[in-house]
Amino acid sequence: MHAMIFVHLPVADVARSRKFFSGLGYSFNETFSSDNAVTLVLGENQFAMLTRRDVFDSLHPAETADASKTKECVVCLAVESRQCVDKLVDGALAAGATAGDTDDEDFMYGRSYNDLDGHSWQIFAMTPVAT
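Reading the values: the criteria
- Counting restarts for each chain: residues are numbered from 1 in the order of the written sequence.
- For a predicted model such as this one, the threshold for reporting local features is a pLDDT of at least 70, and the threshold for listing and counting side-chain atom pairs is 80 or more; totals across whole chains, interfaces and linings nevertheless cover every residue.
- Side-chain metrics rest on all non-hydrogen atoms present in the structure, leaving aside hydrogens and water.
- Secondary structure elements follow DSSP: runs of H or I of four or more residues count as helices, runs of E of two or more count as strands, with numbering from the N terminus.
- Relative accessibility decides the category of a residue: with a 1.4 Å probe and only protein chains considered, values under 20% of the type maximum give buried, values over 50% give exposed, and everything between is partly exposed.
- Polar contact is the term for a pair of N or O atoms within 3.5 Å; when the atoms are in protein, one must be able to donate a hydrogen and the other to accept it, and sequence-neighboring residues count only if both atoms are side-chain atoms.
- Each Phe, Tyr or Trp ring (for Trp, its six-membered ring) is paired with any other whose centre lies within 6.5 Å, and the angle between the two planes then decides the class: stacked below 30 degrees, edge-to-face above 60, tilted in between.
- Definition used: whenever NZ (Lys) or CZ (Arg) falls within 6 Å of the ring centre and also within 35 degrees of the ring normal, the charge is taken to sit over that ring.
- For salt bridges, the criterion is a side-chain nitrogen of Lys or Arg within 4 Å of an Asp or Glu carboxyl oxygen.

- Within an unreviewed UniProt entry, the label attached to the protein reads Glyoxalase, and the organism entered is Mycolicibacterium mucogenicum DSM 44124.

Here it is, written out as structure tokens:
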């Protein structure tokens, strides 16, 4: 149905956010990046626009939530394995993120972290259930 997704998230410092996510192994689409925002590549045709807060505020008429105090959303991303979950979340924590929850079910393992601006990222791996 949809060809692409761009999730927009306000950030205090675009350069700091770029450094944080680069350190986790993410890349950026420079075509859609500037001093005001960077386009974080999450997967094929999946992006997060990390937009400087004042620019984000000017684009949207409603008050912008402070993600460190109010959860506006949780970005949930699947990876290939438990080891990938741990590597990504442990890397985020080492880079200054704060720990979120852990969910360890028979078919799914997930951990979350809050990035430098308080946005929640849930990283999970699912094992197909035999039917």
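So that's the structure; there's more coming.
Things to note about the environment of S22
Working step 1: Relative to the helices and strands, S22 resides in helix α1 (residues 14-23).
Working step 2: A residue is classified by how much of its surface remains accessible, and S22, at 37% relative accessible area, is partly exposed.
Working step 3: Between the C-alpha atoms of S22 and L40, which are 18 residues apart in sequence, the distance is 9.1 Å.
Working step 4: Polar side-chain contacts of S22 include one of 2.8 Å to the backbone oxygen of R18.

Things to note about the packing of aromatic side chains
Working step 1: This structure, assessed with the given rule, holds six aromatic pairs.
Working step 2: With 5.8 Å between their ring centres and 85° between their planes, F6 and F32 make a pair best called edge-to-face. Within this pair, whereas F6 is found in strand β1 (residues 5-11), its partner F32 is found in the loop between β2 (27-28) and β3 (37-43), the two being separated by 26 residues in sequence.
Working step 3: Taking 4.9 Å as the distance between ring centres and 90° as the angle between the ring planes, the aromatic pair formed by F20 and F21 counts as edge-to-face.
Working step 4: When its relative accessible area of 2% is taken as the criterion, F21 is described as buried.
Working step 5: Ring pairing ties together the aromatic residues F20, F21, Y26, Y113 and W121, which thus form one cluster.
Working step 6: In this arrangement the basic side chain of R18 is found over the ring face of F28, its NZ or CZ atom lying 4.8 Å from the centre.
Working step 7: Here R82 stacks its cationic end above the ring of Y109, 3.8 Å away from the centre of that ring.

Quick look at the pattern of salt bridges
Working step 1: If you walk through the whole model with that rule in mind, you get seven salt bridges.
Working step 2: R18 is the salt-bridge partner of E30, the closest N and O atoms lying 2.8 Å from each other. Remark: R18 occurs in helix α1 and E30 occurs in the loop between β2 and β3; sequence separation between them is 12 residues.
Working step 3: The partly exposed category is assigned to E30, whose relative accessible area is 46%.
Working step 4: What you see here is one network of salt bridges that share partners, running through D86, D90 and R111.

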